[in-house]
Amino acid sequence: MHLAAATGHVAALEALARAGIPLGERDDNGSTPAHDAAISGQPAAVEALACTGVPLRERDADGRTPAHRAAFGGHAAALAALARAGVLLGERDDLGNTLAHYAAEAGNTIALQALARAGALLNERDAHGCLPAHLAAGAGHAAALEALARAGVPLGERDAGSRTPAHSAALRGHVAALEALACAGAPLGETGDCGRTPAHFAATEGHVAAPEALARAGVPLHQRDDDGWTLAHYA
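By convention here, each chain's residues receive numbers from 1 onward along its written sequence. In keeping with the predicted nature of the model, local features appear solely for residues at pLDDT of at least 70, side-chain atom pairs appear and are counted solely at 80 or more, and the whole-chain, interface and lining totals rest on all residues. Side-chain descriptors were evaluated using all non-hydrogen atoms of the structure, hydrogens and water having been removed beforehand.

Student: Account for helix 4 (residues 43–51), with residues named and values stated.
Tutor: A simple rule labels every residue: compare its accessible area, found with a 1.4 Å probe on the protein chains alone, to the largest value its type can have, and call it buried under 20%, exposed over 50%, or partly exposed in between. Put simply, DSSP H or I for four residues or longer makes a helix, DSSP E for two residues or longer makes a strand, and each gets a number counted from the N terminus. Looking at helix 4, one finds that the buried residues are A45, V46, A48 and L49. Taken around the axis of helix 4, the buried residues stretch over an arc of 165 degrees, which confines them to a single face. The contact definition used throughout considers only heavy atoms, calling two residues in contact when any of these lie within 4.5 Å. Of the surrounding elements, those touching the buried residues of helix 4 are helix 1 (2–7), helix 2 (10–18), helix 3 (33–39) and helix 6 (76–84). Note on helix 4: the residue one or two positions beyond its end, G53, has a positive phi of about 85 degrees. It is the directions from the helix axis to the C-beta atoms whose arc is reported.

In structure tokens:
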């Protein structure tokens, strides 16, 4: 049944259901056939499972629902099928991650756009205070940041450590993400924990191109953190 769901074989799922086989059985990872259909982007299989009365909001061993799997995979049609079956697109996993967190971290702009059209919240915090924008920036997904900006999401909010998405992008040297943040008007020179700016974060990891990108965006590179350290100290 898991294979039938993952490959979209609706007739096989219907035959199994007619034979009285329950279609909500879990595999060794706690995944149901609905999880397999969602991550594989099989909306017809999702609908077939829904018609048999299979629960579509069960959690796997990592606390993820089928909707989380679909969002991570960027499968807008599977998300729509889940929504039509009554699944709420504001689901959180066990760490407080929303579907938007999964789509943003994976850089799936199609899923973000689908979530925005469905009215799902794109600016909620997870258990660590991170927003989808932080995850997109930290993974270097410039297009995902642009999609969030088009959906009206502010890209300068802080996480629990007082870090902005620019800090997340700079720490990993993601120049394209920094440029996307700059184009969206996001702040690039804010101080976070210990008074460190995104430029400080970039310097700690030895990134040269990121501070250059920040400078091109008009960010001064002479700022000192709370200990009086400049970028040169970190470099």
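Student: Describe in detail the side chain of D93, supporting the description with residues and values.
Tutor: Considering the arrangement of structural elements, one finds D93 in the loop between helix 6 and helix 7 (99–106). Among buried charged residues, D93 stands out as having no salt bridge; its nearest opposite-charge side chain is R59, 6.1 Å away. A polar atom in the side chain of D93 sits 2.6 Å from the side chain of Y102. With near-sequence residues (within four places) excluded, D93 lies in contact with R59, G63, R64, H68 and Y102. His is not counted here, nor are the chain ends, while Lys and Arg score as positive and Asp and Glu score as negative. In the sections that follow, a salt bridge refers to a side-chain nitrogen of Lys or Arg positioned within 4 Å of a carboxyl oxygen of Asp or Glu. Polar contacts, as counted here, are pairs of nitrogen or oxygen atoms within 3.5 Å of one another; within protein the pair requires one atom able to donate a hydrogen and one able to accept it, and residues that are adjacent in sequence qualify only if both atoms are side-chain atoms.

Student: Residue-level account of the nonpolar core, with values.
Tutor: Residue types Ala, Val, Leu, Ile, Met, Phe, Trp, Tyr and Cys, when buried and joined through side-chain atoms within 4.5 Å, form a set referred to as a nonpolar core. Counting residues in each nonpolar core, the largest one holds 58 residues, and the members touching the most others are L49, L79, L82, L115, L145 and L181. Dropping the residues within four chain positions of it, L181 is found in contact with L145, L155, P165, A166, A169, A186 and L188.

Student: So, unusual backbone geometry: which residues are in play, and what are the values?
Tutor: The backbone phi angle of S162 is positive, close to 65 degrees, even though this residue is not glycine. Secondary-structure assignment places S162 in the loop between helix 10 (142–150) and helix 11 (165–171). For C194, which is not a glycine, the phi torsion comes out positive at approximately 65 degrees. Topologically, C194 is positioned in the loop between helix 12 (175–183) and helix 13 (198–204). Judged by its relative accessible area of 44%, C194 is partly exposed.

Student: Please give an account of the pattern of salt bridges that cites residues and values.
Tutor: Counted under the stated rule, the structure contains 15 salt bridges. The partner of E47 in a salt bridge is R84, and the shortest N-O contact between them spans 2.4 Å. Taken as a pair, E47 in helix 4 and R84 in helix 6 lie far apart in primary sequence, 37 residues in all. One salt bridge connects E91 with R59, and the closest N-O pair in it is separated by 3.8 Å.

Student: Give a detailed account of the state of the cysteines, specifying residues and quantitative values.
Tutor: The criterion for a disulfide is a pair of cysteine sulfur atoms lying within 2.5 Å. Counting across every chain of the model gives zero disulfides. The cysteine C194 is free of any disulfide, with C130 supplying the nearest cysteine sulfur at 17 Å.

Student: Which residues make up the layout of surface pockets, and what values do they have?
Tutor: Computed over the protein atoms alone on a 1 Å grid, cavities are sets of points where a 1.4 Å probe fits but cannot get out and pockets are open sets with protein on both sides within 12 Å along at least five of seven lines; a residue lines them when it has an atom within 4 Å of a point. Grid points are joined across faces, edges and corners, and a volume is the space filled by probe spheres set on the points. As a volume, the largest pocket reaches approximately 200 Å³. In terms of lining residues, the largest pocket is bounded by 13 residues, among which C130, H134, D159, S168 and R172 are the most central. Breaking the lining of the largest pocket down by element, the ones donating at least two residues are helix 9 (132–138) and helix 11. Among the residues making up the lining of the largest pocket, the classes are represented as five nonpolar, four polar and four charged. Charged means Asp, Glu, Lys or Arg here, nonpolar means Ala, Val, Leu, Ile, Met, Phe, Trp, Tyr, Cys or Pro, and polar covers whatever is left, Gly included.

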